[in-house]
Structures are given as C-alpha cells and as structure tokens.
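Close look at the chain arrangement
Spelled out from the first residue to the last, the chains are:
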Amino acid sequence: MASKNGIDRRDEDEVCPVCKSSRYLNPNMRFLINPECYHKMCESCVDRIFSSGPASCPVAGCRKTLRKNRFRQQTFEDIGVEREVDIRRRVMHILNRREEEFDSKRAYDDFLEQREEIIANLVCRIDVAKTEAQLQAYAQENMQSIKANQALEEQEATSFQKKILLEQEETRMRQQIAREEYESERREQQATREDFLTRLASGSAADAAAIAREGHKVHLKKSSARRSEEDRIRQKQAALRGTEVKRTGTPLTTADTAGSTPGAGFIKGLRKIKTPEPEKPYDPFMGLVPGKRDYYTQLESYPYAFLDKLRSDLTVQAGGYDLQEYYSRTLLEAFAGLGCFVQEEVAKRDAISALGISKPASTEGAAMAAVGKNAA
Amino acid sequence: MIEDDIYRTSSQFRLWSYTESSLKSLRTKTNHIASERVRAALRRARERHASSTPSATGTPQTGSDVEEKDIECLTPEEELVLVRYYCEKTVELGETYRPPLPTNVRVSLPTTGFTQRLEPFFLRGQPKLTSITYQATAIQYLRRFYLTNSPMTYHPKSIMACALFLATKTDNYYMSLRQFAEGIPGDTTADDVIAPEFLLMQGLRFTFDVRHPFRSLEGGVMELSAIAQGQAKPAPHLPHHTPESLKQGLLSIAPPPVPSTSITDRIGRAHGATRELLKSAAQMTDAYFLYTPSQIWLAALLLADRPLAEFYLDTKLGGPIDPTAMETEPSNLQNPLYDLRTKLLQVLTDCGALLQSYTPLSSDPDQMKILKRIAKKLYHCQNPEKVNLKRDSAVPRSTPAIDAGAVTSESETERLAKKRKLEMEQKQRGAHDMFGPELVLDRTRH
C-alpha cells in the first residue's frame, strides 16, 4: 500500500505547496508533514520557516503553530490514514487496559468498543473537545496503571521477540539434523543394498531366502529423525495446552499496582483490585503492654525514710542495686490478687476438675485399693 | 486487672487456695484416713506384741482391755488446734534462737543475683528493714503440710524444726545444718532436724513459694506516704485524680481512733499495727488459704485504721456511688470498678473478721487446758510406725507419705518409687565393674 518506495515512485512533477519547487528541479526533495495539521511541505521549507522556532503553518487558511521537531516523513500515502493511525496509536497508548483487568469477557469487549468509539469520534471530528477532555482526565487519574501496562506490553514484546528468535534457531537446527540424518540413512540404505547384492551374488541358492528376510528387517527400522519430529509436535501441543490452563487459572498477578480503580467512572466492569494489607510489625507480647498496671502508676522515686538511707549507701549502690526494682516489686505484690476472689474462683475450678476426674475413676479405685492394702 | 492475672499464675493460688468448705472437707478426709491407719498400725503392733510375749513371759491378758475398746483418735478440730499451737511454738523457736537468729530472712527488698548475696550483710544493721517472713514461711509450710497429713501420723514437734530449717533455705538465709541444730534448745541433733525434710517437701507438693502480705504492706505504705507528700500519680483507671487532690483527700479523712500529730505519724502507726496483725493473726488462721496476700494486708489495714484504708481503696477503685445521681446515670458510668469494689469490700470484711477472731493460745488458760488434753490424747493415738523418721528418711520414701490430698499424688509416688527401684538395681548391677555400668541397657544382649 504505502512504503518508502512509494515516495520514490511518485510523480516527477510533484510540487511543494509552499515554495512551488518541483521534484523535477530537485530530485532529492523530501516531503514532510506535521501531525498538528497534516499539511505537506518540502524539507527545505521546513528548515527555512521553522529553524528559528515555532511558527504558524504557511498553508493559507491554516493557523496552527508548528514546531520543527514534530515534522516527520509520511508513512501512508493517504493523509487520512496517516492521521487515523496517529490518533489510534495515541488513544491506545492511554486506554491500554488489559483483558485480565476486567471482570468478564463482556466487560472487556465493551471497553474495546468504547475505545473504538473514541477513536472514531476523534477521526471524524465529532465532539472532539469533550472526548479529548475525557481522555486527558483519564490519563491523569490512571497515570500509574497506564505506565505499568506500558511496561508490561514492552516486556511482552521483547519476550515475544526473543521467543521468535529462539524458535527460528531451533527450526534451523532441526532442519540441519534432519538433513544430516536423511543423508546418513540414504547412505546406509545404499550400503545395505550393495551388501545385499554382493551376498546374493556370492552366496548359494539356499541362503537367498534368509538374506532376503534380513533385508526386510532393516527396512522396518523407523528413522529416528521422523520420530523426533513427531515428539516435537506433541510437546508443542502440550505446551500450548499448559499455557491455556495457566492463563485461565491465574489471570491477574501483575498490573495491580494501580491501587484503587479511579478509572471506574470512565471504564466500566474493571475488576476490583485488592491491595494486600501491609503487614503489621511483629508484636512479641501479643498486644500486652509489658509495664502495664491496672491498680497503680509507679513513680520515679518514693519518699520513704528508710529507702533514702539505701539510696545514699555506697555498699548497696556498688552492686548495681536499683530501687526501681524494689518499687515495682512491692507495688505489684501490694495489688497482685486483689481482684482474685478465692472463694468463687476456686469453687469454680474445683467443679471443673471434679468433672474431669470423674471419668478416670479406675485410677482412683486403684489408689484407694493401695491405701487399703497399706492400712491392712 | 493484670496484677490479678499475675497472681493467678502463682502456685499459692493454683495449689494452695481453698474455699472454706473444701478446706474443711480436706481436713476431715485427712483425719479419717489417718485414724484408719493409726488403728490398723496399733492393732498390728499389738498382734506382734501378743505373738512374741505369751511364749516369753506368759502374761496374756493384761493389755487386752485396752485392746478391746477402740482407740480414740483426734478430731479434725483438735488437730487444727494442735497445729496452731505448734505454729506459735515455731515463732517462739525462731525468736529464742541461740545464737539469736535475725527474725527475718526474706527482706522486703527485691533481689537479683549479686545483690541477693549482699542482703544479709546490709540488713544486719537495719532491723527496721526486715520483716518476719522467714518464720511466716515456716508456719505456712507447717499449715500446708498438715492439710494432707495428720499430727497423729507425724508429730508436729518433729516437723516443726525441719520446716523452720527449710524456710531458711527457701527464704534465702543460708545457715548450715549443724549451726541450726545447735541453736535448738534441747537435745535435737542435726539428723533429727533433717530427717523429715523429704517428707515435708512432698507434703508441700514441692512448691516452696509463699506469697506473704508483708512486702505488699510496704508497697501500700510507700504509696500512702507518696500521697501524703503530694507526689502520687493517680491510678490508671481513675485519671481524674491529681496529686494535689489526692493529698487533700488524705488530709480530710476522718480522724483516727488514736489521735496522731501528723499524717506521716498516722501512716506510721497504721503501718506498725497492720504489721503486728499480719505477723500473728494472719499466720495463725486460715487466711492464707482463703484470701490473697493483697486482700489480707488491706483487711489488716482496715482493722488498724479504717478511714485511712477506705480512703486508699477509694483512690484505687473509685469512691462509693452517689445515690442521688443514680437516676441520671447508672452505676457503671459513675464508677466502672464499682462491682469489683462492692465485692472486694465484702471479702475484706470477711477476712478482717477472720483476723480479729484470733487470740494467742498461750495467753488463754482455758485453751491451754484443752491443749493439754489433746496432747495427752495424741500420746495414745500416735502412729507407732511413723515415730522413727530417721530410719525412714535413710532411703527415699517408697511408701505413700501423704495421707490424703490429691489422688494422683498417691499413684505418682508409687510410680516414682518403682522408677527409683529400677534405677537402683541398674546401679548395683554395674557397681562391680571398674568402669561403671553399661551405657546402653543390656536389654539387647538377652
């Protein structure tokens, strides 16, 4: 349809709409376009007009401001196609959701349709301002997921490339091996046949039948090259099946870094992405505060006459004796068990243990017997 | 309350806390089993006597009158009185010790490693620092031991010294056995002291930790004096208090029964009186079995200085509920700890009544008369097979030492005895070998 050759094949009398110079005078003339307005002009015009910074398009009636760096060569002959491809590339770049991100196949299809509609709108210039605004808003909201998906795509592309290369290499190797094998087989067959003939020629009539049988056996041997080819096909099929299973089994492992789904308003049916809760720091006390007390709050120091003596006593201090230890211990003992009501709690405990003991009555019986024996 | 949970892990709560009824039934059971054994033992002794004497001396029927009527054993109540008397004797023994024992061993200071060894050293000059926990520990050992053993089986006189000696060890006051035995009045030898040691430990179910209310009292008094100085912090559940409001509250409580010059003086007096109560009444009654140490000391403080103790409790558990405000807000909004408070006050009242009911035996001639009668009775119903404890203790006991108590402990002792016997045999088999016994059991060789 269109290619670089296409440009070369163009008419000799092609004329630049800006400077009116024709290819006839300047065979090396190249035409450039700017995706801003898609007006065609020759390279020398671009150099002349835009090398000193952005300027408006020289085509009459077009007041678009163009920059030199955006000028490029046309890919397609038809400017309309060129424009559509540009628009499509841009939109696809932004709306790059993947199938795994959707709840269902249906939702994904809806998304694809929506995307096509946007592209069509932009191409046909219907509601351009509104559509552009939507696109911009979406791009800003989903910056992260867009980037992530782009990275994924790139990754996929490179891995696909690698795979293709690998496969080509494998094919080449296989062909070579097959060729070699075929060659050797052919040589072998030839040798066998020669051998066969010489033996027939030299041997007696009685041996002829046995020699012929042997020759059949050789033919029955299947070529290993053919066998390996079959193996390869089988493996490939199995691998295909495996990837299919994997795809259905673990649909979404990547691309869920986007956090919540801000694009949910614009694109429907996106799968709710669950970000795993960040792991809490490990708590060795299982929620228990080590120094927590319910009955008292410990002070730094207590005014207590005999403790003052200790505080200043070197013999006590030398051992590393800490009065804080004393405070915490005495205060803990002062209140430990204040709310333990022995009468109630022990009664309850006894009731429970009585239930537990009533089962192994045999041990009790044995013990009683032992006591009785002892007494007797 | 986390402090209560900490206390619930102690062996005192797990193994040595009883309800009044279970305590009583346990004592009755112990007494019953012990009486049975005593009767059986006496009968056996008489039979042995009868089988040996007729052939030798030919005086057949002299003892038969005694034999015919059943031996009169002690009742559980009599046993209890007897044990209490010997508890008092334990205190006496500790106090009249020659060379004089410091009346305390476990100081109320915390102990960690190195400082533990320092303690007796810096305690000697400061008798005020000390409490009588070591005698108290010995008393509690005796009381615990006689829950599952009867004085008819083991006479308290033989157990008493051992309990005191064991308490010096568990309460971290080291004293050599020889030194200890020398201090005991009378002709008690070191062997006599140590003979029932294993028996005693078994009776204690190998739990040596006794939680006393003495250090608790120190903590409470310490905090009270901090309040008096206006330095105290409010309790975690009652954050509306301030140090100043606490101090004002303390200064405005009702005057004590005995007028005092200052609030510090008042706290000091209450402290002393409470400690006296804890030293005597708390030890000689069943308070340790029925209540927790913190309840005991608060009950004692209530007896010593009621307004002070009530004020202190209010700082911890909130004040009484204003009945006029009852309509506007329910009780748990006014004071979230109100339920605990009412329950605790009831328990403290009960405990206080128990402490007050105590009168020293030796000061009461009627009681002494009863005691003499019991002692005489005990002389007749003493289990003759358990008199010589020295012989029994030579070999680790293989017979069940505990009269009653947990049923499991009986089978447990049997199992242990069997195991020990096996080990002994093993040892003897290898004793002749120069390089000791086989490392691997020679089960494989047979």
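Small disclaimer: the values here were computed from a predicted structure and weren't measured.

1. Quick look at the overall build of chain A
Across its full length, chain A holds 13 helices and 5 strands. Counting every position in chain A, which comprises 376 residues, the buried fraction comes to 12%. For chain A, restricting intrachain contacts to residue pairs at least 6 apart in sequence, the fraction spanning at least 24 positions comes to 57%.

2. Thoughts on the overall build of chain B
If you tally the helices and strands in chain B, you get 23 helices and 0 strands. Buried residues in chain B amount to 37% of all 446 residues. In chain B, of all internal contacts separated by at least 6 residues, the share reaching a separation of at least 24 is 75%.

3. A word on the nonpolar core
All names here are of chain B. By size, the foremost hydrophobic cluster in this structure holds 92 residues, and its most contacted members are L142, A163 and A300. Those residues within four positions of L142 in sequence are excluded, and the remaining contacts are V83, Y86, C87, T90, P156, I159, M160 and A163. Formed by 7 residues, the second largest nonpolar core is a distinct cluster that contains V38, L42, L74 and M152.

4. Considering the packing of helix α5 (residues 76-95) of chain B against helix α21 (residues 365-381) of chain B
Residues and elements named next belong to chain B. At a minimum axis separation of 10 Å, α5 and α21 run at an interaxial angle of 105°. Of the possible angle classes, the one that applies to α5 and α21 is roughly perpendicular. Across from E78, V81, L82 and Y85 in α5, the residues of α21 making contact are I370, L371, I374 and L378. The residue makeup of the contact of α5 with α21, split by class, is 7 nonpolar, no polar and 1 charged.

5. Some remarks on the confidence of the model for chain B
Per-residue confidence for chain B gives a mean pLDDT of 78; residues scoring 70 or more make up 75%. Residue range residues 56-68 of chain B is modelled with pLDDT below 50. Its contacts to residues more than four positions away, or to other chains, number 4 contacts.

6. Re the sheet that holds strand β2 (residues 41-42) of chain A
All names here are of chain A. Spatially, β2-β1-β5 is the arrangement adopted by the 3 strands of the open sheet, whose pairing is antiparallel. A strand with exactly one partner marks an edge of an open sheet, and here the two such strands are β2 and β5 (72-73). Here strand β1 (residues 31-33) runs beside β5; their pairing, made up of 2 bridges, is antiparallel. Of the residues in β5, the one forming a bridge with I33 is R72.

7. So, the environment of D209 of chain B
All names here are of chain B. Topologically, D209 is positioned in the loop between α11 (197-203) and α12 (214-228). Residue D209 is classed as exposed on the basis of its C-beta count, with 10 C-beta atoms lying within 10 Å. Separated by 68 residues in the primary sequence, D209 and Y141 place their C-alpha atoms 9.7 Å from one another. Apart from residues no more than four positions distant in its own chain, D209 is found in contact with S10, S11 and Q12.

8. Some details on unusual backbone geometry
Residue and element names in this part refer to chain A. Here the phi dihedral of R125 falls at roughly 60°; this positive angle occurs in a residue that is not glycine. Following the sequence through the fold, R125 ends up in the loop between α4 (105-124) and α5 (128-141). One non-glycine residue with positive phi stands out, namely D127, at about 50°. Take D127: it is sitting in the loop between α4 and α5.

9. Things to note about the packing of helix α11 (residues 323-335) of chain A against α12 of chain B
Relative orientation of the contacting elements α11 of chain A and α12 of chain B amounts to 105°, with a least axis distance of 7 Å. In this view, α11 of chain A runs roughly perpendicular relative to α12 of chain B, as classed from their interaxial angle. Along its contact with α11 of chain A, which presents T330, L331, E333 and A334 of chain A, the element α12 of chain B presents R215, S216, E218, G219, G220, M222 and E223 of chain B. Split into classes, the residues belonging to the contact of α11 of chain A with α12 of chain B amount to 3 nonpolar, 4 polar and 4 charged.

10. Structural notes on helix α17 (residues 293-304) of chain B
Residues and elements named next belong to chain B. When the terminal C-alpha atoms of α17 are compared, their 16 Å separation across 12 residues agrees well with the 16 Å that a helix rising 1.5 Å per residue should span. In terms of burial, α17 is largely enclosed, as 12 of its 12 residues are buried. Of all the positions in α17, only P293, S294, Q295, I296, W297, L298, A299, A300, L301, L302, L303 and A304 are classed as buried.

11. Regarding the environment of A181 of chain B
Residue and element names in this part refer to chain B. Mapped onto the elements of the fold, A181 is located in helix α9 (residues 177-183). For A181, a count of 17 C-beta atoms within 10 Å corresponds to the partly exposed category. Each C-alpha atom of the pair A181 and I194 lies 9.3 Å from the other, and the pair is 13 residues apart in sequence. Apart from the residues lying within four places of it in its own chain, the contact partners of A181 are T188, T189, A190 and V193.

12. Focus: the confidence of the model for chain A
Of all residues in chain A, 82% attain a pLDDT of 70 or more, and the chain-wide mean is 80. Counting contacts from residues 249-263 of chain A, a segment whose pLDDT is below 50, to residues more than four positions away or on other chains yields 30 contacts.

13. Considerations on the environment of L238 of chain B
Residue and element names in this part refer to chain B. Summarising the element assignment, L238 is placed in the loop between α12 and α13 (243-251). Residue class for L238 comes out partly exposed when judged on the 17 C-beta atoms lying within 10 Å of it. Considered as a pair, L238 and L317 are 79 residues apart in the sequence and their alpha carbons are 7.7 Å apart.

Criteria and thresholds
- Residues numbered from 1 in each chain as written.
- Chains lettered and ligands numbered in written order.
- Predicted model: local features only at pLDDT ≥ 70, side-chain atom pairs only at ≥ 80, totals over all residues.
- Helix = DSSP H or I, 4+ residues; strand = E, 2+ residues; numbered from the N terminus.
- Buried ≥ 20, exposed ≤ 12 C-beta atoms within 10 Å, placed from the backbone.
- Contact = placed C-beta atoms within 7 Å.
- Core = buried A, V, L, I, M, F, W, Y, C linked by C-beta atoms within 7 Å.
- Axes fitted to C-alpha atoms, helices over the stretch in contact; angles between N-to-C directions.
- Parallel < 35°, antiparallel > 145°, perpendicular 65-115°, else oblique.
- Nonpolar A, V, L, I, M, F, W, Y, C, P; charged D, E, K, R; others polar.
- pLDDT = per-residue confidence, 0-100.
- Pairing = 2+ DSSP bridges.
- Expected span 1.5 Å × (residues − 1).

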